[in-house]
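# Fold and geometry: a report
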Amino acid sequence: KNQVEQSPQSLIILEGKNCTLQCNYTVSPFSNLRWYKQDTGRGPVSLTIMTFSENTKSNGRYTATLDADTKQSSLHITASQLSDSASYICVVSDRGSTLGRLYFGRGTQLTVWP
Amino acid sequence: EADIYQTPRYLVIGTGKKITLECSQTMGHDKMYWYQQDPGMELHLIHYSYGVNSTEKGDLSSESTVSRIRTEHFPLTLESARPSHTSQYLCASSSTGSGQPQHFGDGTRLSIL
């Protein structure tokens, strides 16, 4: 079973609407959680990082939240644009190894329609 | 925009051929990684390197090999390609230190006929 589960698997919204993507993890010990955006045919790009002590962090129209007690994170996108169409990947890092091993979710495929 | 480059972007080749996927970064990062990504699935780490002359296998068993002779260059080689190797291969790099983001290339989409 994957230690990082994302929902929904896919989502279609109209331009200008808001949406929230979910990420639940079981990774322990926890180091940080990062959200990546992957456009079709491109590599993932980091949007934001959340550490244990952080509850919320914004990057423009993207706002990430973290509840380390329930091991849940969300990514909220405000006033969506066509360019937000992409796969959003949740990645959790542990503190159990020198590598700081990364656990990847399968992503939420977001499509924004005009 | 991250300065990490992968070539070729697309490759269609026959079974049994030797393939080298190139990855170069200009950020001076010590850590480099190779991932395999299939549609709708999570990224799987197949190789990583902490620096020159350092290479390790990742979580996903792979018949590929890597080398790290120069800091900026981390090529991946398949000695004899098979249809099961068909996938997208992503290269990434990061600087040393906890919590540093991985910067990804745009990937090589490999199809073995």
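Please refer to the structure higher up on the page.
Because the structure is predicted, anything quoted here is derived from the model rather than measured.

### Let's talk about the overall build of chain B
Looking only at helices and strands, chain B features zero helices and eleven strands. Starting at the N terminus and ending at the C terminus, chain B contains elements arranged as β-β-β-β-β-β-β-β-β-β-β. Radius of gyration (C-alpha) of chain B: 13 Å, near the 13 Å computed for a compact globule of 113 residues. Taken along the three principal axes of its C-alpha coordinates, chain B extends 40 × 30 × 25 Å. Per-residue burial over chain B gives 46% buried out of 113 residues. Taken as a whole, chain B presents about 5,400 Å² of accessible surface, with 50% of it coming from carbon and sulfur. The positive charge centre, built from 9 side chains, and the negative charge centre, built from 12, are 6 Å apart in chain B.

### A closer look at the pairing of strand S8 (residues 72–77) of chain A
Residue and element names in this part refer to chain A. Summarising the sheet, strand S3 (residues 19–25) and S8 pair through six bridges and their orientation is antiparallel. Of the residues in S8, the one forming a bridge with Asn 24 is Gln 72. When strand S7 (residues 62–67) meets S8, the two strands line up antiparallel, connected through six bridges. Bridged to Thr 65 within S8 is Ser 74. Where S7 folds back on S8, the antiparallel hairpin that results is connected by four residues, among which Lys 71 adopts a positive phi of roughly 60°.

### Comments concerning a nonpolar patch on the surface
On the surface, a nonpolar cluster with roughly 330 Å² of combined accessible area is contributed by A:Ile12, A:Leu14 and A:Trp113. Counting through the fold element by element, A:Leu14 comes out in strand S2 (residues 10–14).

### Notes on the interface of chain A and chain B
Each partner contributes residues to the interface: chain A has 20 residues there, and chain B has 24 residues. Of the roughly 1,700 Å² buried where chain A meets chain B, counting both sides, 49% is carbon and sulfur surface. Counting every contact that joins chain A to chain B gives two salt bridges. The salt bridge involving B:Glu42 is made with A:Arg106; its shortest N-O contact spans 2.9 Å. Remark: the boundary between chain A and chain B carries six residue pairs in polar contact (both at pLDDT 80 or more). Tallying contributions element by element places strand S4 (residues 30–38) of chain A first for the side of chain A that touches chain B, with five residues. Along the lines of polarity and charge, the residues of the side of chain A that touches chain B split into seven nonpolar, nine polar and four charged.

### What about the pattern of salt bridges?
On inspection of all chains with the given rule, the structure shows eight salt bridges over all chains. Where B:Asp106 meets A:Arg42, a salt bridge forms, and the shortest distance between an N and an O atom there is 2.9 Å. Taken as a pair, B:Asp106 in the loop between strand S10 (103–104) and strand S11 (108–112) and A:Arg42 in the loop between S4 and strand S5 (45–51) lie in two separate chains rather than in one. The exposure class of B:Asp106 is partly exposed, given its relative accessible area of 21%. For B:Glu63, the salt bridge is made with B:Arg82, and the minimal N-O distance between the two is 2.6 Å. With B:Glu63 in the loop between strand S6 (54–57) and strand S7 (65–66) and B:Arg82 in the loop between strand S8 (76–78) and strand S9 (87–94), the pair connects residues that are 19 residues apart, well separated along the chain. With relative accessibility at 46%, the residue B:Glu63 sits in the partly exposed group.

Cut-offs applied
Sequence order as written defines the numbering, with residues in each chain counted from 1. Just so you know, chain letters begin at A and ligand numbers begin at 1, following the order they were written in. Given that this is a predicted model, residues contribute local features only at a pLDDT of at least 70 and side-chain atom pairs are listed and counted only at 80 or more, while totals for whole chains, interfaces and linings are drawn from all residues. As a rule here, side-chain values come from all non-hydrogen atoms in the structure, and water together with hydrogens is ignored. Secondary structure follows DSSP: runs of H or I at least 4 residues long count as helices, runs of E at least 2 residues long count as strands, and numbering of each begins at the N terminus. Here the globule rule reads 2.2 Å times residues to the power 0.38, and the radius of gyration is calculated from C-alpha atoms. A 1.4 Å probe rolled over the protein chains alone gives each residue an accessible area, and that area as a share of the maximum for its type sets the label: buried under 20%, exposed over 50%, partly exposed in between. The accessible surface values rely on the Shrake-Rupley method and a 1.4 Å probe; as for residues, cover is taken only from the protein chains in view. The charge count includes Lys and Arg as positive and Asp and Glu as negative, but it does not include His or the ends of the chains. Charge positions are represented by NZ for Lys, CZ for Arg, CG for Asp and CD for Glu. The pairing criterion is simple: DSSP has to find at least two bridges between the two strands. Nonpolar side chains (Val, Leu, Ile, Met, Phe, Trp, Tyr) are joined into patches within 5 Å and like charges within 9 Å, using only residues with over 30% relative accessible area and no salt bridge. By definition, a salt bridge exists where a carboxyl oxygen of Asp or Glu is found within 4 Å of a side-chain nitrogen of Lys or Arg. Here a residue-residue contact requires only that any non-hydrogen atoms of the pair lie within 4.5 Å. Buried area: the accessible surface (1.4 Å probe) lost by two parts on joining, summed over both. Think of a polar contact as two N or O atoms within 3.5 Å of one another; within protein, one of them needs to be a possible hydrogen donor and the other a possible acceptor, and neighboring residues in sequence only count if both atoms come from side chains. Note on residue categories: nonpolar means Ala, Val, Leu, Ile, Met, Phe, Trp, Tyr, Cys or Pro, charged means Asp, Glu, Lys or Arg, and polar means any other residue, Gly included.

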